[in-house]
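Structural overview
The residues making up each chain are set out below.
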Amino acid sequence: MAYAKGTVTIDNCRVSADVTCSGNSSNDAHGGGFVGHAESSKVTVSNSAFDGKLNASANGKGDIRLGTFVGWAGEEVSIENCFEAGEYQGFTDNSQTALYWKDSNNTTPDHSSNNIYISDLGHADGATKALSVTSGTEGLELIFE
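First, a word on scope: everything that follows refers to the structure included in this document. (Residues numbered from 1 in each chain as written. Predicted model: local features only at pLDDT ≥ 70, side-chain atom pairs only at ≥ 80, totals over all residues. Heavy atoms only, no water.)

1. Focus: the sheet that holds strand S7 (residues 53–57)
Within the open sheet, the 3 strands sit side by side as S3-S7-S12. Their pairing is parallel. On the outer flanks of this sheet lie strand S3 (18–22) and strand S12 (87–89), each paired with one strand and no other. Along the sheet, successive strands turn relative to each other by an average axial angle of 15°, direction set aside. Where S7 and S12 come together, 3 bridges link them in parallel fashion. Each bridged residue has a counterpart across the sheet, and for Lys-53 the counterpart in S12 is Glu-87. (Pairing = 2+ DSSP bridges. Helix = DSSP H or I, 4+ residues; strand = E, 2+ residues; numbered from the N terminus. Axes fitted to C-alpha atoms, helices over the stretch in contact; angles between N-to-C directions.)

Here's what the structure looks like:
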């Protein structure tokens, strides 16, 4: 979803797509694996996984706001029981990567619990880092530090 407004609930979804976010000479760019720009929305993402690829392309102004689940939001974001195992390309100092991005470089959702990540993106949201994930006989097996 590129742009959301109002109350948005995403539950039990998986995104495996490639998402590219590019700034230009006059506008900032906002991108996310699930929601790119949520303005003043209340967004809840739960029981979901991102294993796609986020590509940042800083053109001109280059102010890119990216988040694995929500790229930019101004009001309230909850991320619960989610799993991040994405790939990331082209990130610079003007690109933020975490589960979520908000004004003032805030990468901590308003409500966040039981989230797990694989990448080395420096999550500031209290998510737990897993060393690896494999397919087991009863589903996914996560190996933690």
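2. A short note on the nonpolar core
Within the largest apolar cluster, 22 residues are counted, with the highest numbers of intra-cluster contacts made by Phe-34, Val-35, Val-43, Val-45, Phe-50, Phe-69 and Val-70. Looking at this core, the elements that each hand over two or more residues are strand S1 (7–11), strand S5 (42–46), strand S9 (70–73) and strand S10 (76–80). With sequence-adjacent residues up to four places away left out, Val-43 is seen in contact with Val-8, Val-35, Ala-38, Val-70, Glu-76, Val-77 and Ser-78. Counting residues in each nonpolar core, the second largest holds 5 residues, with Ala-29, Ala-56, Ile-64 and Leu-66 among its members. (Core = buried A, V, L, I, M, F, W, Y, C linked by side-chain atoms within 4.5 Å. Buried < 20%, exposed > 50% of the residue type's maximum accessible area, 1.4 Å probe, protein only. Contact = heavy atoms within 4.5 Å.)

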